[in-house]
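# Fold and geometry: a report
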Amino acid sequence: RIANPDACFREKLRKDFLIEQSSETHGFLHHRLLLQCDQKLLLGGLGVHTCSRPTYRDPSSHDWEEKRLMPSEFIHGQRLEVSCWEGRYKGAAVAADSPPKPIETLKCIQGQWVGSCSGSNCPPRTLGLSNFQCVRCIQVAAPPYRALNARRKQELYFMNSMQNTITMDLQSESMCLTEMYGDIALAEGAACVAWILRTVAGASDTQRQIVRAGTGKCLERSPASTPGLPPLLERDCDASNTEQIHSPHAIPHMLLQLVMSATTADLQLGSTASMPTTTTTTT
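## Here we look at the overall build of the chain
- Scanning the chain for helices and strands turns up five helices and 14 strands.
- By residue count, 32% of the 283 residues in the chain fall in the buried class.
- Restricting the contact set of the chain to residue pairs at least 6 apart, pairs at least 24 apart contribute 54%.
- Total accessible area computed for the chain in this model is approximately 17700 Å², and 53% of it derives from carbon and sulfur atoms.

Okay, here's the thing in structure tokens:
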């Protein structure tokens, strides 16, 4: 059992998911399901109000058996390795001409902890951690981050680069939203493409442009006044075009329109098609 599931998720797992887009389970039970829940919570408008945190972990997933409380005393000659909090700090030497120093090794010598120093300005004996420091790391972001930070919604900044697949479960198979021969359609998993749910300046926190990854193309609702067009079109992205601004809760309806459009065409040809179930997932 994790000692502090909320802190573990906030400080490590969410960062890996948003910034590095890592889907590694790290041995946590139901890890991907809980990450997807958190993603829906960040997107908003999908009916998700709270998510649990990874609470249990496979004991064989990481080295922990050697962890123990520090002894109250060390004998002469014993060593102690010191490192910084990975992901927030980097180890460095204090002496200006010392090489990079991710880990400091202290030696117990005649009742004193003695560190290491290899620069020309080193004293005869480096006591304790006098030549080791943990330097804070910074992450450089583009200007839109400032506005999100002011509203305490920094996580939304990283959603603009997260690739997603949008799927719908039919009675007989699972289909995904994709582009085929210039048209937007539902296809089997092998043909899935990635989509980015991109925030739009001036729109609400839950509204997004749906961009096909690697292109400047966005999903656009076809005009109701123009018969014969498919429900969804792929057009050059234009943040001022309201037909390209979508709410997450509208995605299931968009997929259903595609299915109904395809089913109608099949029925006109005399063939049969299975109707979709109500289960829609975005991953």
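## Focus on the environment of Pro231
- The topology assignment puts Pro231 in the loop between β12 (217-221) and β13 (232-236).
- Taking C-alpha positions, Pro231 is 9.6 Å from Met260, a pair spaced 29 residues apart along the chain.
- Among all residues touching Pro231, those that are not within four sequence positions of it are Glu220, Arg221, Ser222, Gln257, Leu258 and Ser261.

## Observations regarding the pattern of salt bridges
- Within this structure, the stated rule accounts for twelve salt bridges.
- The shortest N-O distance in the salt bridge between Arg14 and Glu155 comes to 3.6 Å. Taken together, the residues Arg14 in helix α1 (residues 5-19) and Glu155 in helix α4 (residues 155-159) connect sequence positions 141 residues apart.
- Among the ionic pairs, Arg221 bridges to Glu243, the shortest N-O distance being 3.3 Å. Of the two residues, Arg221 sits in strand β12 while Glu243 sits in the loop between β13 and α5 (251-268), which places them 22 residues apart along the sequence.

## Here we look at helix α2 (residues 31-43)
- Its 13 residues give α2 an end-to-end C-alpha distance of 19 Å, which sits within 8% of 18 Å, the value for a rise of 1.5 Å per residue.
- The first or second residue beyond α2 is Gly44, which carries a positive phi of 75 degrees.

## Thoughts on the confidence of the model for the chain
- Confidence along the chain averages 80 in pLDDT terms, with 85% of residues attaining 70 or more.
- In this model, residues 265-283 is a region of pLDDT below 50 whose contacts with residues beyond four sequence positions or in other chains number 32 contacts.

## Here we look at α1
- Helix length check: α1, at 15 residues, gives a terminal C-alpha distance of 20 Å against a target of 21 Å (1.5 Å per residue), a fit within 8%.
- In the structure, α1 departs most strongly from a straight axis at Leu13, where the bend amounts to approximately 35 degrees.
- Taken together, the buried positions of α1 are Pro5, Phe9, Leu13, Arg14, Asp16, Phe17 and Leu18.
- In this structure, the buried side of α1 is in contact with α2 and α4.
- Looking one or two places after α1, you find Gln21, whose phi comes out positive at around 50 degrees.

## Quick look at the side chain of Gln209
- Residue placement: Gln209 occurs in strand β11 (residues 208-212).
- A polar atom in the side chain of Gln209 sits 3.4 Å from the backbone oxygen of Asp238.
- In this structure the side chain of Gln209 is engaged in a polar contact, spanning 3.3 Å, whose partner is the side chain of Gln244.
- Each residue touching Gln209, except ones within four places of it in the same chain, is listed here: Ile196, Leu197, Arg198, Val200, Cys218, Cys237, Asp238, Ala239, Gln244 and Ile245.

## Details of the pairing of strand β8 (residues 174-180)
- Strand direction decides the pairing type here: strand β7 (residues 166-170) and β8, joined by three bridges, are antiparallel. For Thr167, the partnering residue across the bridge sits in β8 and is Cys176.
- Here five bridges tie β8 to strand β9 (residues 183-187), and the two strands are oriented antiparallel to one another. The partner of Leu177 across the bridge, within β9, is Leu186.
- Between the end of β8 and the start of β9, which pair antiparallel, lie two residues, with Tyr181 showing a positive phi angle near 55 degrees.

## Observations regarding the state of the cysteines
- Here the structure, examined in full by the defined rule, presents four disulfides.
- Between Cys176 and Cys192 runs a disulfide, and the two sulfur atoms are separated by 2.1 Å. Since a negative S-S torsion denotes a left-handed disulfide, the Cys176-Cys192 link at about -120 degrees is left-handed. Here Cys192 lies in the loop between β9 and β10 (195-199) and Cys176 lies in strand β8, a separation of 16 residues in the sequence.
- Given the relative accessible area of 1%, Cys176 is considered buried.
- Residue classification places Cys192 among the partly exposed positions, given a relative accessible area of 29%.

Parameters and conventions
- For every chain, the first residue of the written sequence is number 1, and numbering continues from 1 along that sequence.
- Given that this is a predicted model, residues contribute local features only at a pLDDT of at least 70 and side-chain atom pairs are listed and counted only at 80 or more, while totals for whole chains, interfaces and linings are drawn from all residues.
- Note: side-chain values were computed over all heavy atoms of the structure, leaving out hydrogens and water.
- Helix and strand labels come from DSSP, where a helix needs a run of H or I of at least four residues and a strand needs a run of E of at least two; each type is numbered from the N terminus.
- Throughout, exposure labels follow a simple rule: accessible area from a 1.4 Å probe, protein chains only, divided by the maximum for the residue type, with under 20% read as buried, over 50% as exposed, and the rest as partly exposed.
- Between two residues, a contact is recorded if the distance between any of their heavy atoms is within 4.5 Å.
- For accessible areas, the Shrake-Rupley method is used with a probe of radius 1.4 Å. Any residue's cover is judged against the shown protein chains and nothing else.
- Whenever Lys or Arg places a side-chain nitrogen within 4 Å of a carboxyl oxygen from Asp or Glu, that contact is recorded as a salt bridge.
- Here, expected helix span is obtained from the residue count minus one, scaled by 1.5 Å.
- A residue's pLDDT is the predictor's confidence in that residue, given on a scale from 0 to 100.
- By definition, a residue's bend is the angle between the axes fitted to the seven residues ending there and the seven starting there.
- Polar contact criterion, stated in full: a pair of N or O atoms within 3.5 Å, where within protein one must be able to donate a hydrogen and the other to accept it, and residues adjacent in sequence count only if both atoms are side-chain atoms.
- At least two DSSP bridges between two strands are needed for those strands to be called paired.
- To count as a disulfide, a pair of cysteine sulfur atoms needs to be within 2.5 Å.

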